[in-house]
Amino acid sequence: MRLVPLGSTGIMVSAVGFGGIPLIRLNFEEAETVLRHAVDRGVTFFDTANRYVDSEEKMGRAFAGLRDKVVIATKTGQRSAKAAMEELELSLARLGTDYIDLYQPHQVSKPEELEALLGPGGAMEALEAARTQGKIRHIGITSHSLAMARKLVATGLFATVQFPYNIVETEAADNLFPEAKAAGMGILVMKPFAGGMLDDGGLALRFLRRDPGLLALPGCDTVEQVDLAVDIFAAEADWTEADEAKAQAYRDELGSRFCRRCEYCQPCPQGVSITYAMMYRVVAKRMSPAKAVKFAATTMESVRNCLDCGECATRCPYNLPIPEMLREHLAMFDSHKAAQ
Ligand code: SF4
Ligand code: SF4
């Protein structure tokens, strides 16, 4: 496996990483098999989050005795110093380690979140203190909002930026990655399969392989998926006209009814958790319907409050028919619930 620098951190990592969300749907034994296989195949960078149910704990158990062979990144969704420090301690305990290589405030999207994060008593205070104490080696950032990600990069406070990028979500290539590279930041690519919407995994990964400055984080739940990712990143980059035609077909298919998770539609006056509800179809595919029903219960129950006012749809830059899609997803959720 080729090793590449993680921005200017001084840490070398495998040319492809591992995204931890799919571990949610595996049991501990299965997760250990997949994670240990990834290590055996030379993968050294593993990304998870406090919010990914038991993913951190599964990594912790799988990496017992292997701590010096893996670079671990995780995330906190908390914005206050106190709550972020509590989540950091939780991450350390679940991962069974006394330090985390990369700790990332998770999905910072709105101006008020940025203010809370960086302001007095904000999470950054705690993370910087934790870095001084040696509990964190580096602080990165994640966002789904292009405008916010650019703002976060411009602060100069973060060693890495993690952002969605794939065949159908390409905006970052021209608008974010050049700025992050110029700042010496590592670029972590989440959603390489567009949240499960790109079912040709090889094509999706070869698309990312073209830019050696990106660290893709494919989520794997089988050893075969690990092998596919490793083999693609071991090969020379290639991208044919036929590949581009297939990529364009995905763009044509998904482009008009595909939620990009930018959150411009929020907030809903009725408290509907729009973005996550818009992802229900994908979540159910990724986790299995039975787990999705539990994982997304609060989100999907909030959809029952929708009054069909259409306010959210007026704010969607992609003109998605949000109320209609929410109704479809609620019907799907109800059918999954009934099948239990
Ligand atoms: S259409 Fe429904 S989800 Fe959208 S803003 Fe109105 S109440 Fe909220
Ligand atoms: S529904 Fe539209 S505005 Fe809302 S997160 Fe998805 S793409 Fe963004």
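Here goes a summary of the coordinates provided. (Residues numbered from 1 in each chain as written. Chains lettered and ligands numbered in written order. Predicted model: local features only at pLDDT ≥ 70, side-chain atom pairs only at ≥ 80, totals over all residues. Heavy atoms only, no water.)

### Topic: the overall build of the protein
Link 1 in the chain: A tally of helices and strands in the protein yields 17 helices and 11 strands.
Link 2 in the chain: By principal-axis analysis of the C-alpha atoms, the protein measures approximately 50 × 50 × 45 Å.
Link 3 in the chain: Expressed as a percentage of the 340 residues in the protein, the buried residues total 54%.
Link 4 in the chain: Residue pairs at least 24 apart in sequence account for 74% of intrachain contacts in the protein once pairs closer than 6 positions are excluded.
Link 5 in the chain: Carbon and sulfur atoms make up 54% of the accessible area of the protein, which amounts to about 14300 Å² in all. (Helix = DSSP H or I, 4+ residues; strand = E, 2+ residues; numbered from the N terminus. Buried < 20%, exposed > 50% of the residue type's maximum accessible area, 1.4 Å probe, protein only. Contact = heavy atoms within 4.5 Å. Areas by Shrake-Rupley, 256 points an atom, 1.4 Å probe, with all protein chains shown as cover.)

### Notes on the site of ligand 1
Link 1 in the chain: The full set close to ligand 1 counts 14 residues, and C268, C306, C309, G310 and C312 are the nearest of them.
Link 2 in the chain: Of all the secondary-structure elements, those providing two or more residues to the shell around ligand 1 are helix 16 (311-315) and helix 17 (322-338).
Link 3 in the chain: A breakdown of the residues in the shell around ligand 1 according to their chemical character gives 10 nonpolar, two polar and two charged. (Near = heavy atom within 4 Å. Nonpolar A, V, L, I, M, F, W, Y, C, P; charged D, E, K, R; others polar.)

### Points about the environment of I100
Link 1 in the chain: Checked against the element boundaries, I100 lands in strand 6 (residues 100-105).
Link 2 in the chain: A sequence separation of 138 residues divides I100 from D238, and the C-alpha atoms of the two residues are 35 Å apart.
Link 3 in the chain: Residue contacts for I100: discarding those within four places in its chain leaves R67, I72, T74, L88, S91, L92, L95, K135, I136 and R137.

### Remarks on the environment of Y103
Link 1 in the chain: Turning to its location among the elements, Y103 is positioned in strand 6.
Link 2 in the chain: Residues Y103 and T74, 29 residues apart in the sequence, show an inter-C-alpha distance of 5.3 Å.

### Some points on helix 6 (residues 146-155)
Link 1 in the chain: Regarding helix 6, the residues found buried are M148, A149, L152 and V153. Summarising the axial view, the buried residues of helix 6 lie within an arc of 140°, below the 170-degree limit, and thus occupy one face.
Link 2 in the chain: Looking at the buried residues of helix 6, the elements they touch are helix 4 (111-118), strand 8 (141-142), strand 9 (160-164) and helix 8 (177-182).
Link 3 in the chain: Following helix 6 by one or two positions, G156 has its phi on the positive side, about 75°. (Arc of directions from axis to C-beta.)

Coordinates in, geometry out; function isn't part of it.
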